[in-house]
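The primary structure of each chain is shown beneath.
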Amino acid sequence: MAEPTVPILTIRDVSKTYIARGGRTEALRGAGLTVQRGEFVCLLGASGCGKSTLLRIAAGFEAPSAGQALMWDKPIAGPAPSRGMVFQDYGLFPWLSVRDNIGFGPKSRGRPAAEVRDTARRYIDLVGLGRFADAYPHQLSGGMKQRVAIARVLANEAEMVLMDEPFGALDAMTRERLQDELLDLWARTGLTVLFVTHAIEEAIFLADRIVMMSPGPGRIETVHTVDLPRRRDVSSPAFNDLRRMLSAQLHSHHAPKAA
Amino acid sequence: MSAAIEGAAVPATLPTALPAQSQSPMPTAPPLRVLLKRLRGPALALVVPLATLAIWHFATADRPYSLVPPPAEVWLALRDMAFGGINDDAFSATLWTHLWASLSRVYGGFALAAAAALPLGLMIGRVPVVRALLDPVLQILRPIPVTAWLPLAMILFGLGASSAFFLVFLGAFYPILVNTVFGVRSVEPRLFEAAAMLGCTGPAQFLRVVLPAALPSIFTGLRLGLGFAWVVIVVGEMTGVQTGLGAVIMEARQLSRTEIVICGMGVIGVAGFVSDWVVMRIGRRLLSWSPSHG
């Protein structure tokens, strides 16, 4: 990564310590990472490795206890539309229709009503929910809700999409279809994606680079570049070699605790 | 590469399933069954009132020394109150004046209570400083029954309509406030994060997130508040006002006109029921998005 361009995201020696009644919890220690524009990066690790904390710092929901989080070399001071977040539990507004959920961002930013309507229309079609434009979230399946959540951040001109185990609550079939759709969107739009998962296969299928994290305290262990050609064949020997290697690494994280 | 598909097959199968059902051998049977089914609810609802009416009638009719007048006499009094021409006394044809007076106090006091309790509830629920400032005071004032306020209200607002107005206001205020605060405090934190990353921050969140998210709770509060306003109206109109259903009941009591008292009670019941029904319909329309309301 020796390119001269400014990275879209820079995480520089970031630590995060939570102070609660029970004492201090070190969620993240000395994490460093740069993401280039257009990259698809997965944060992979067992629970408690700080991957979600890192993502939330990138989103601006949390401030680092030490170190710096920068977007285009400027400190991240709080949540912003340029960094759209997709939550595992969707976070859709239950009182708004699909159309209005997707139009929420542009409307919040004071876009004229006609433009909001057009934008919503375009992104509803992009995620294939045209027939459900007037449905409310509780009428949708999990996969459809997550499509709305993705369309919502894209409609708001997010440059970077931060995804926190977005497909974790979906059934296997839906998850695979959404992975394909996400890659398709990513290829067409030139988005940058930072994607948290604990599923090795998902990370290999999606990522340009996999950032392996380990718990106690959370830290970045290794970064693997995945240079398998896309669309990746999950049954290919190369895919499986990588899976085996990452799996061994992931399980070694648990070993010291079990002993 | 289209992203559509999922769910598309589900609605498509529905229309093909329906025609099979309509080929029933007896096309006239379903409407009758449907009609009977529809009448079941109202029929069941009438059982208890009719039984009460019957017991009331047999216990009081043709007993000259009964303190409770029979239903027929009450019905006569009600017709006289509404249209006059039967007894031609002080109560004849006064019903609409009294009803209007009570309605305006109930809705006036309720509207004022809503106007005060809603913004206050939003602030207490969402702004810690406001909560620390107001919550203890309100918690101490809340258990004081409206009836206990009566003497003080008469001193502060004098004998008359403004005291009644104030008491109705007080009765409706707390249910609305408490439910609004509850609604605001139970908004999923996730929704604030979602709004913030979409560019909706600070005070804008009140209108675009807090208010709609708390709306189901707020509506419960409004319904309870309006119910309490009707409860309190009789007490409120004991403060020496000349008109109103509560005033009529108090006056008839002093004259031992029990049939008028019962008329007043019945009218309050019906008016309260109708106003609750209206609020519920409005709520259902506004909350059609909510799986537990729509």
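Structure: above.
Residues numbered from 1 in each chain as written. Chains lettered and ligands numbered in written order. Predicted model: local features only at pLDDT ≥ 70, side-chain atom pairs only at ≥ 80, totals over all residues.

Section: the overall build of chain A
In step 1: A tally of regular secondary structure across chain A gives eight helices and 10 strands.
In step 2: Relative to the 2.2 N^0.38 estimate, which gives 18 Å for 259 residues, the radius of gyration of chain A is 19 Å and therefore close to what a compact globule would have.
In step 3: Based on the C-alpha atoms only, the size of chain A along its principal axes is roughly 60 × 45 × 45 Å.
In step 4: Evaluated residue by residue, chain A yields a buried proportion of 45% over its 259 residues.
In step 5: Put simply, of all contacts in chain A between residues at least 6 apart along the chain, 70% involve residues at least 24 apart. (Helix = DSSP H or I, 4+ residues; strand = E, 2+ residues; numbered from the N terminus. Rg over C-alpha atoms; globule rule 2.2 N^0.38 Å. Buried ≥ 20, exposed ≤ 12 C-beta atoms within 10 Å, placed from the backbone. Contact = placed C-beta atoms within 7 Å.)

Quick look at the interface of chain B and chain A
In step 1: Tallying the contact residues gives 23 residues for chain B and 31 residues for chain A.
In step 2: When residues of the side of chain B that touches chain A are assigned to their parent elements, the largest contribution, six residues, is made by helix α8 (residues 189-197) of chain B.

What to know about the pairing of strand β9 (residues 209-214) of chain A
Sheet faces and side chains relate simply in a regular strand, where the side chains alternate between the two faces.
Residues and elements named next belong to chain A.
In step 1: Summarising burial for β9: five of the six residues are buried, a large majority.
In step 2: As judged from the six bridges shared by β9 and strand β10 (residues 219-225), these two strands associate in the antiparallel manner. Across the sheet, the residue bridging to M212 is T222, located in β10.
In step 3: Connecting the antiparallel pair β9 and β10 is a turn made up of four residues, with G216 showing a positive phi of about 70°. (Pairing = 2+ DSSP bridges.)

Thoughts on the sheet that holds strand β3 (residues 40-44) of chain A
Residue and element names in this part refer to chain A.
In step 1: Taken in spatial order, the six strands make up an open sheet running β6-β7-β8-β3-β9-β10, and their pairing is mixed. Only two strands of the sheet have a single partner each, and these edge strands are β6 (83-86) and β10. On average, each strand axis in the sheet is inclined to that of its neighbour by 20°, with strand direction left out of account. (Axes fitted to C-alpha atoms, helices over the stretch in contact; angles between N-to-C directions.)

A word on the pairing of strand β7 (residues 160-164) of chain A
Residues and elements named next belong to chain A.
In step 1: With five of its five residues buried, β7 lies for the most part within the structure.
In step 2: By the alternation rule, side chains of β7 split into M160, L162 and D164 and V161 and M163, which are all buried.
In step 3: Strand direction decides the pairing type here: β6 and β7, joined by four bridges, are parallel. Pairing of G84 across the sheet is with V161, part of β7.
In step 4: When β7 meets strand β8 (residues 192-197), the two strands line up parallel, connected through five bridges. Within β8, the position partnered with L162 by the bridge is L194.
In step 5: Handedness of the β7-helix α5 (residues 172-189)-β8 crossover: right-handed. (Right-handed = clockwise from strand over helix to strand, strands pointing away.)

Remarks on the nonpolar core
In step 1: Judged by nonpolar contacts, the single largest core of 142 residues is most densely connected at A:A58, A:L194 and B:V168.
In step 2: Among the elements that make up this core, the one with the highest residue count is helix α7 (residues 161-185) of chain B (16 residues).
In step 3: Beyond its immediate stretch of four places on either side in the chain, A:L194 contacts A:L9, A:V35, A:V41, A:L43, A:L55, A:A58, A:M160 and A:L162. (Core = buried A, V, L, I, M, F, W, Y, C linked by C-beta atoms within 7 Å.)

Some words on the environment of B:E259
Residues and elements named next belong to chain B.
In step 1: Within the secondary structure, E259 sits in helix α11 (residues 258-286).
In step 2: Note on E259: 23 C-beta atoms within 10 Å, which makes it buried.
In step 3: Along the chain, E259 and G199 lie 60 residues apart, while their C-alpha atoms are 64 Å from each other.
In step 4: With residues up to four places along the chain from it excluded, the contact list for E259 reads P69, E73, V74 and A77.

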